[in-house]
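# Close look at the chain arrangement
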Amino acid sequence: MMLFSTLRFWALGWIEDHFINTKCTFKYYGFEWVQILPPHFMYAIHTVMILASVGVLFGFFYRISAILLFLTFTYCQLIDLTYYLNHYYFVAIACLFMIFVPANRAFSLDIRWLKIKPVSHVSVWVINIFKLQIAIVYIFAGLAKINYEWLINALPLKIWLPAADALPFIGWLMKYKITPYVFSWAGMFYDTFIIFFLLNSKTRPFAYFTVIVFHAMTGLLFQIGVFPLVMIGATLLFFSDNFHEKLLNVLGWQEMSVHTNSPLNNNLLKYSLIAFFTFQLLFPWRYLLYTGNMFWTEQGYRFGWRVMLMEKAGTATFYVKDSKTGREGEVSNAEFLNNHQEKQMAMQPDMILQYAHFLKNHFAAKGVFKPSVRAEIFVTLNGKPSKLLIDPNLDLTQIKDSWTDKKWIINR
Amino acid sequence: MKKRLLFTLIILSTFACNKPADEVKQEGFDRKLMLTNYYDNLILPAFTTLETSTISMETAIKTLASTPTEGNLLAAQKAWEDTYLVWLKANAYNFGPTGEDGIKKGIAEEIGIFPVSESKIEANISSNKLTFNDFNRDNRGFLAVEYLIFDKAALNKLQVQNRRNYLLAVTENLKGFVTEAKKGWGAYKTDFVNKNGTDAGSSTSQLYNEFVKSYEAMKNFKLGLPLGLRAGQTQAEPTKVEGFYSGKSLKFIEAHFTTIENIYYGRGSADGLGFKEYLETVEGGKNLIASTEAQIAVIKNTLKAIPQATPMAEQIVKSPQGLVNLQTEMQKQTRFFKSDMSSVLGIAITFSSGDGD
């Protein structure tokens, strides 16, 4: 179970201040109440996050640390939808799991200093929930790649890869027409099947080698932050307890621990886990309930382990109209949003709607009488000529976000 | 899996070995050559001529300050206008040696801010404050010089020593920025050409992002704002045009747009490799070229239709329709330059990590 050490390491790199000097933040549906705090609070929260991750890593006040880590990390994700990334979602889930697993029962300061009773065994369910979650991530990511654009047209890789031709080691590959196709198919096979090769003890070393190669490649090619490290670390879990014990021996830690097959006796936890994984298995399919092309409308796109699937960008111009004078003016997005926020907002309908409501409130406070807000939004998907995303004459202030189909998205 | 990977690599190399190169290879594009063209034919010449021109302007202004006569005033005005037109060829390059650096802003913000604050300038003149180490940017730069020498009563007002001091100090200050810019770019070729990726921080990404910013700034602040087309404005604000005192606003917009066009084409003294040629080689690029260039033609026609004889500020009050049309047509171009182009070229537009994962 000390294999979690790798998992814990990630927690150490998450200090960023996306959260200072922000005028407008985008909320997750249902989490509109999550507010950004003044700068010094944000720094304090990040400090707590660091301390908590250190606590988790060294097994010091483990459970409290794990809870704090989960809460602070998730809070920072919920502040602004702009920064949604699938791997942050994965990390949040892993942090949640960590609260419930006894990762402080060996090689921890809790044992050395707080005299917590050490155990040499870890229940197999503990490892399995992580494995199951990783399997979900990969398989859904793989299934999502089985679509016409990805496999037959090699899009968006056909756009992305040539831009990477200046890279060391692999840049030369990008000059070949076949490369995007090879990468598209390899990526699909990798994501869909890697988990099975990891589960099989014979293929595991090869599979893990592939994991490293695959994630190192994607890490080189794309700006995806720590994601490759997260996955390379997380998939270590698939190795047997023997392997980890040997590793620990090499590191000079003599104490041994062995997996045993003790069942999960806590019913509450058991049913919570069942409910959780049912949700995990079903939630990514919700896009089937909506009409239109999911890549265009992005209904049911998030929280579905759809990674690096499309090249999409938009230019969004908002117009605010005073309903008394009829005077209409164009909004300068840069006044309210940073580059990243503007980029993300310009192609995602729910963010467009939130921004329109933000503008309404902002300009109403500035003395514009009952402002109406409309937007001309042109979006390009996978290099195709840009098209209008929504009706440019629609007053967005009259629309509220919901789970229902966003009929106001056009050209779907 | 390893086998599969090896297998694909083998297939790949077989393809690579057996077929003639042009069949298996992408058309390809050498960004280093493109960057070299931008450097040799656009950026460096822009700053070199800007420096020469600024020095002549300084000479004319010194002459005016020592002998404020009608003839010297006209000569200084002429020198200013010439220099300002050259400046409009350089004002998009707010990165690298002319980018933000600590408390120093990009060069366009340091010496190209408009409208200037008459009250701040007048306050500095009265107190004979000749240093520029505060955070104001609207009491200096090219447009402050314009204010001082294109004022209707400029000659009379320049009889006051303080005013002449300020004129000289502002000129000296902006010349300092220009000299530094030329020097910086002069030594920047290797860096510029070698950062040939498409990631944030690469030359292509920086040039592209500043190009788009410059285009949007032109549309929003040289047209939209004085026309009263910005959200929250309750009326047109004709005094906010660029070049209000000289009345050359339209000419300046035209020059600025020509620069944007030249950057798109990679056109300096000759038409070399630029974004256009780059687009020709990528997925979806040819479509985009067609839309972009069709709209460039529309914008140029719309520009032509605007009467040149009447100053822009006056047109805004009396007959703004032509200018409004221009703003509308420029707005239509925005998406081609902004999201469509960055998307098909795969250029990073932010420093934050990843839009996917």
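Residues numbered from 1 in each chain as written. Chains lettered and ligands numbered in written order. Predicted model: local features only at pLDDT ≥ 70, side-chain atom pairs only at ≥ 80, totals over all residues. Heavy atoms only, no water.

### Details of the overall build of chain B
In plain terms, the rule: Where helices and strands are cited, they refer to DSSP runs of H or I of at least four residues and of E of at least two residues respectively, numbered from the N terminus. Values of accessible area rely on a 1.4 Å probe in the Shrake-Rupley scheme; residue burial ignores everything except the protein chains shown. Two residue types count as positive, namely Lys and Arg, and two as negative, namely Asp and Glu; His and chain ends fall outside the count. The location of each charge is read from NZ of Lys, CZ of Arg, CG of Asp or CD of Glu.
Assigned secondary structure in chain B consists of 16 helices and 0 strands. Here the C-alpha coordinates of chain B stretch approximately 85 × 45 × 35 Å along the principal axes. Split by element, the accessible area of chain B, about 14800 Å² in all, is 55% carbon and sulfur. Averaged over its 41 positive side-chain charges, chain B has a centre that lies 1 Å from the centre of its 40 negative ones.

### Focus on the packing of helix α6 (residues 118-126) of chain B against helix α9 (residues 161-186) of chain B
Residues and elements named next belong to chain B. Operational definition: Whenever a helix is involved, its axis is fitted only over the stretch in contact; in every case the axis is a line through C-alpha atoms, and angles between N-to-C directions fall within 0 to 180 degrees. Rotating anticlockwise by less than a right angle from the far helix to the near helix defines a left-handed crossing, while the corresponding clockwise rotation defines a right-handed one. Residues count as neighbours in contact if any of their non-hydrogen atoms are within 4.5 Å of one another.
Orientation of α6 relative to α9, taken along the N-to-C sense of each, is 115 degrees, at an axis distance of 8 Å. The element α6 and its partner α9 pack so that their crossing is right-handed. Between α6, through Ile 121, Glu 122, Asn 124, Ile 125 and Ser 126, and α9, the contact on the second element is made entirely by Asn 162, Arg 163 and Tyr 166.

### Side note on the layout of surface pockets
All names here are of chain A. Condition: Lining residues are those with an atom within 4 Å of a point, where the points come from a 1 Å grid over the protein atoms alone and group into cavities, where a 1.4 Å probe fits but cannot get out, or pockets, open sets with protein on both sides within 12 Å along at least five of seven lines. Grid points are joined across faces, edges and corners, and a volume is the space filled by probe spheres set on the points. Three classes are used, and their members are as follows: Ala, Val, Leu, Ile, Met, Phe, Trp, Tyr, Cys and Pro are nonpolar, Asp, Glu, Lys and Arg are charged, and the others, Gly among them, are polar.
Volume-wise, the second largest pocket comes out at about 1100 Å³. Surrounding the second largest pocket, 47 residues form its lining, Lys 27, Tyr 28, Tyr 29, Phe 31 and Phe 303 being those nearest its centre. Breaking the lining of the second largest pocket down by element, the ones donating at least two residues are α3 (62-79), α4 (86-100), α13 (267-282) and α16 (349-365). In the lining of the second largest pocket, the residues fall into 27 nonpolar, 11 polar and 9 charged.

### Quick word on the environment of Arg112(A)
Looking at the secondary structure, you find Arg112(A) in helix α5 (residues 109-114). It is 9.3 Å that separates the C-alpha atoms of Arg112(A) and Phe60(A), two residues lying 52 residues apart in sequence.

### Focus on the domain arrangement of chain B
Where interface size is given, it is often the accessible area lost as the parts come together that is meant. Residue and element names in this part refer to chain B. This is how the line gets drawn: Residue ranges labeled as domains rest on an automatic or database domain assignment. As used here, buried area is the combined drop in accessible area, with a 1.4 Å probe, of two parts when they are placed together. Should a side-chain nitrogen of Lys or Arg be within 4 Å of a carboxyl oxygen of Asp or Glu, the pair is scored as a salt bridge. Throughout this description, a polar contact denotes any pair of N or O atoms lying within 3.5 Å of each other; where both atoms belong to protein, one of them has to be capable of donating a hydrogen while the other can accept it, and for residues adjacent in sequence the pair is counted only when both atoms sit in side chains.
Segmenting chain B into domains produces domain 1 (27-97 + 104-195) and domain 2 (197-350). Between the C-alpha centres of domain 1 and domain 2 there is a distance of 22 Å. Counting residues at the interface gives 36 residues for domain 1 and 43 residues for domain 2. Roughly 3200 Å² is buried in total at the junction of domain 1 and domain 2, and carbon and sulfur atoms are behind 63% of that figure. The closest approach of N and O atoms between Glu 81 and Lys 248, which form a salt bridge, is 3.6 Å. The interface formed by domain 1 and domain 2 contains 14 residue pairs in polar contact (both at pLDDT 80 or more). Among the elements of the structure, α3 (31-66), α4 (70-90), α7 (142-150) and α10 (189-194) are those that each provide at least two residues to the side of domain 1 that touches domain 2. With 9 residues, α3 is the single largest residue contributor to the side of domain 1 that touches domain 2. Class assignment of the residues belonging to the side of domain 1 that touches domain 2 gives a composition of 22 nonpolar, 6 polar and 8 charged.

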